[in-house]
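# Secondary and tertiary structure notes
Listed here are the chains, written in short residue letters.
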Amino acid sequence: MIAATITIGWMSGLFYGFSVSVMPGLRVAADRTAIETMQRINVAILNGWFLLGYIGALVFSAAAVVLHAVGSGGRDALGPLIGALVAYLAAMAVTARINIPLNNALEQAGPVERIEDPAEVRRAFEAPWVRANVWRAVLCTVSLGLLAWALALR
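Source: prediction; values computed, not measured.

### Regarding the packing of aromatic side chains
- Summed over the entire model, instances satisfying the criterion amount to four aromatic pairs.
- Ring plane angle 65° and centroid distance 6.3 Å describe the contact between Tyr54 and Tyr88, whose orientation is recorded as edge-to-face. In this pair, Tyr54 sits in helix H3 (residues 48–70) while Tyr88 sits in helix H4 (residues 78–108), placing the two residues 34 residues apart along the sequence.

As structure tokens, this is what we get:
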């Protein structure tokens, strides 16, 4: 439960940080600057630390559910643990269905200096990506809260 709480906390913080600082900062940047920055972030984020948080949150949450479901103690925490896992799975679904395809489309637009209409590329990317990211932040925060509740019950 502690590992699940830490890794989901990382993911909640990451998505929250994008919502309150990265994307508002990019909103006032020029189109080419915003596109290039997001293209670079999308490459840089694929690293071991990110994957530890992103996949670890799923694995540790699922393990906590299984261990509490089959174990003899800690049944009180099972409900919040299941809720935390479901909320995190929903955040992963948002990522897979919305954010990743938008990231891929941004990459497929090519090098920023060769994009003919950067305003259109940005328009297709930014608003839907930001909305989906807010959902990821909310879902991960719900998951984190449920894990904290499970820890308190345990």
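### Notes on empty space enclosed by the protein
- Applying the stated criterion across every chain yields a total of one cavity of 30 Å³ or more.
- Of the pockets and cavities examined, the largest cavity occupies roughly 50 Å³.
- Lining the largest cavity, in full, are Met23, Leu26, Ala34, Ile35, Met38, Leu106, Arg122, Phe125 and Glu126.
- Of all the elements in the fold, those that place two or more residues in the lining of the largest cavity are helix H1 (2–27), helix H2 (31–44) and helix H5 (118–153).
- For the lining of the largest cavity, a count of residues per class yields seven nonpolar, no polar and two charged.

### Topic: H1
- The terminal C-alpha atoms of H1 lie 36 Å apart, and with 26 residues this matches the ideal 38 Å at 1.5 Å per residue to within 8%.
- Of all the bends in H1, the greatest measures close to 45° and is centred on Phe18.
- By the burial criterion, the buried members of H1 are Ala4, Thr5, Thr7, Ile8, Met11, Ser12, Phe15, Phe18, Met23 and Leu26.
- Residues of H1 that are buried make contact with H2, H3, H4 and H5.

### Digging into the environment of Pro101
- By secondary structure assignment, the location of Pro101 is in helix H4.
- Judged by relative accessible area, Pro101 falls into the partly exposed class, the value being 37%.
- The spacing of Pro101 and Ile55 is 46 residues in sequence and 19 Å in space, taken between C-alpha atoms.
- Non-local contacts of Pro101, meaning those with residues more than four positions away in its chain, are made with Thr95 and Ala96.

### Topic: the packing of H1 against H5
- H5 packs onto H1 with a crossing angle of 150° between their chain directions and a minimal axis gap of 8 Å. Taken together, H1 and H5 sit at an angle that is classed as roughly antiparallel. Like other packed secondary-structure pairs, H1 and H5 cross with a definite hand, here left-handed.
- Considering only residue class, the contact of H1 with H5 consists of 18 nonpolar, seven polar and four charged.

### Overview of the packing of H2 against H5
- It is the contact of H2 with H5, at a shortest axis distance of 9 Å, that shows an interaxial angle of 55°. When the interaxial angle is binned, H2 and H5 end up oblique. The way H2 lies across H5 gives a crossing that is left-handed. Note on element contacts: H5 touches H2 through Pro118, Ala119, Val121, Arg122, Phe125 and Trp129, opposite Asp31, Arg32, Ala34, Ile35 and Met38.
- Residue composition of the contact of H2 with H5, by class: eight nonpolar, no polar and three charged.

### Re the layout of surface pockets
- If you add up the space inside the largest pocket, you get close to 420 Å³.
- Looking at the largest pocket, it is lined by 20 residues, and the ones nearest its centre are Asn42, Ile45, Leu46, Ile100 and Asn103.
- Breaking the lining of the largest pocket down by element, the ones donating at least two residues are H1, H2, H3, H4 and H5.
- Element by element, the count of residues in the lining of the largest pocket is highest for H4, at six residues.
- Classifying every residue of the lining of the largest pocket gives 13 nonpolar, five polar and two charged.

The rules behind the values
- Residues numbered from 1 in each chain as written.
- Predicted model: local features only at pLDDT ≥ 70, side-chain atom pairs only at ≥ 80, totals over all residues.
- Heavy atoms only, no water.
- Phe/Tyr/Trp six-rings, centres within 6.5 Å; stacked < 30°, edge-to-face > 60°.
- Helix = DSSP H or I, 4+ residues; strand = E, 2+ residues; numbered from the N terminus.
- 1 Å grid on protein atoms, 1.4 Å probe; cavity = no way out; pocket = protein on both sides within 12 Å on 5 of 7 lines; lining within 4 Å.
- Points joined across faces, edges and corners; volume = space filled by probe spheres on them.
- Nonpolar A, V, L, I, M, F, W, Y, C, P; charged D, E, K, R; others polar.
- Expected span 1.5 Å × (residues − 1).
- Bend = angle between axes of the 7 residues up to and from the residue.
- Buried < 20%, exposed > 50% of the residue type's maximum accessible area, 1.4 Å probe, protein only.
- Contact = heavy atoms within 4.5 Å.
- Axes fitted to C-alpha atoms, helices over the stretch in contact; angles between N-to-C directions.
- Parallel < 35°, antiparallel > 145°, perpendicular 65-115°, else oblique.
- Left-handed = near helix turned anticlockwise from the far one by under 90°.

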